[in-house]
Amino acid sequence: MEQNINTEAPTVPVVENKQKSGNGLKIATAIACIAAVCGIGFGIYGMIQSSQKDDQISDLKVQIEDSNGKVTTLETDEIKISDDSQTDSTVKKQNPVISATAPMIYNIYFKSGTIGYGENGEFSLSLNIHNGEISECNVNSVDSKWVGGNDGGIVSNTRFLKNCSINGITGKIYKVVEVGEGHDALYDSVAFIMEDGSVEYLSLNDALEKSDFNIKGKLKIDGFVVDAFTIGVGQEGAPAGGYGSTIFVLADGSYVKYDTSMLN
C-alpha cells in the first residue's frame, strides 16, 4: 500500500514566521530612527532657546521711577551682579574736582592763618585752585593792631608781598585745609585733599619763614579722606581750656583725629 506524505504542510508556517520577524525588525528600526531624530531636534531647540535667553538678558531694560512718578528707562549692554560682601576698602572712590563748563570758571580760594616772626612781622599764604590745580600762590604781609579801647578788637590789614609756586603735588586737588593740633601750632601745615582720597601737605612755617614751598609728602592716614575740619578738644566737666585739632572724615563714615605721627 502506498502512503501519501504531505511535505508542504510544515513549510507554510515557517515562511509566515520569517515574514513577521522581518516586519518587526523594520518597525523597531523605524521607531529608533524617529526617536533619534526627535532627540536631535529637541537638542537643537534647547540650544536655540538658550541662545535667545542670553540675547534677552543682554538686552534687558531697567526702569527707574522717581518720587514724582517719572519713569526713566535705561538700556543695559551687560548686567553685572554686585557682591554685597565686598568690603568698602575694595570699592573704587573718587573725590570730585570742582570745575565748570566754559565759559564759566570755578575757583577755590584759600587763605591761611597768620604766623608772626617777631620783628619781621606776620605773614599768611593765599591760594587759588582752578580745575584741581593751583593757579595762584601768594605770600601776604599782615599788619595787626588793637583799636577801639576796651570795647575794640584786632584789625588786620593784609598786603600782597610776593608770588610763590608750590612744587611736588602729584594729582588733582579736591579741597585745601589747614591742619594741626595745639594752641600756638594749631595750623602748622596746609593740607591738600586729593581726588584719590590721599592728603598731601606743605609745611606752612617752612613756606612763610624759609620760602620752602615743596610738598613734604602724604599724611599717614589709613582710609579714603573726603573732608577735614577743626574741632575743640578739652576735658569733660572742665570750665575752660583745651586746644584745637583737625579731624579727617573718611569715606566709610569714620573719622581720625590729627596727630603729628601722620607727618613723614
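Residues numbered from 1 in each chain as written. Predicted model: local features only at pLDDT ≥ 70, side-chain atom pairs only at ≥ 80, totals over all residues. Heavy atoms only, no water.

## Section: the state of the cysteines
When the sulfur atoms of two cysteines share a covalent bond, that bond is a disulfide.
And then number 1: In this structure the tally under the stated criterion is one disulfide.
And then number 2: For C137, the disulfide goes to C164, at an S-S distance of 1.8 Å. Judged by the sign of its S-S torsion, about -95°, the bond between C137 and C164 is left-handed. With a gap of 27 residues between them, C137 in strand β6 (residues 133-147) and C164 in the loop between β7 (153-163) and β8 (173-179) connect regions that are remote in the sequence.
And then number 3: On the basis of relative accessibility, which here comes to 15%, the residue C164 falls in the buried class. (Disulfide = S-S within 2.5 Å. Helix = DSSP H or I, 4+ residues; strand = E, 2+ residues; numbered from the N terminus. Buried < 20%, exposed > 50% of the residue type's maximum accessible area, 1.4 Å probe, protein only.)

## Description of the nonpolar core
And then number 1: Counting residues in hydrophobic clusters, the biggest one holds 22 residues, and the most contacted among them are L125 and F192.
And then number 2: For this core, the secondary-structure elements that each account for two or more residues are β5 (122-130), β6, β8, β10 (189-194) and α2 (204-210).
And then number 3: Looking at this core, the element that brings in the most residues is β5, giving four residues.
And then number 4: Listed in part, the 15 residues of the second largest apolar core include V179, Y201, L219 and A228. (Core = buried A, V, L, I, M, F, W, Y, C linked by side-chain atoms within 4.5 Å.)

## Side note on the confidence of the model for the protein
And then number 1: Taken as a whole, the protein shows an average pLDDT of 78; of its residues, 60% reach a score of 70 or greater.
And then number 2: Within the model, pLDDT remains below 50 along residues 1-9, and this stretch shows zero contacts once partners closer than five positions in the same chain are excluded.
And then number 3: A low-confidence stretch, residues 11-16 stays under pLDDT 50, and its non-local contacts, those more than four residues away or across chains, total zero contacts. (pLDDT = per-residue confidence, 0-100. Contact = heavy atoms within 4.5 Å.)

## Here we look at the sheet that holds β10
And then number 1: Taken in spatial order, the four strands line up as β8-β10-β11-β12 in an open sheet, and their pairing is antiparallel. A strand with exactly one partner marks an edge of an open sheet, and here the two such strands are β8 and β12 (217-218).
And then number 2: Both β10 and strand β11 (residues 199-203) contribute to a ladder of five bridges, which runs antiparallel. Bridged to A191 within β11 is Y201. (Pairing = 2+ DSSP bridges.)

## Let's talk about a nonpolar patch on the surface
And then number 1: A grouping of I98, M104 and Y106 is seen on the molecular surface, where their side chains present a nonpolar patch of about 290 Å² in accessible area.
And then number 2: Relative to the helices and strands, M104 is located in the loop between β2 (71-75) and β3 (107-111). (Patch = residues over 30% accessible without salt bridge, like charges linked within 9 Å, V, L, I, M, F, W, Y side chains within 5 Å. Areas by Shrake-Rupley, 256 points an atom, 1.4 Å probe, with all protein chains shown as cover. Salt bridge = Lys/Arg side-chain N within 4 Å of Asp/Glu carboxyl O.)

## Overview of the side chain of N95
And then number 1: Position of N95 relative to the elements: it lies in the loop between β2 and β3.
And then number 2: The exposure class of N95 is buried, given its relative accessible area of 5%.
And then number 3: At a separation of 3.0 Å, a polar atom in the side chain of N95 contacts the main-chain carbonyl oxygen of V225.
And then number 4: Setting aside chain neighbours within four positions, we find N95 in contact with Y174, I193, M194, E195, G197, F224, V225 and V226. (Polar contact = N/O pair within 3.5 Å; in protein donor to acceptor, adjacent residues only side chain to side chain.)

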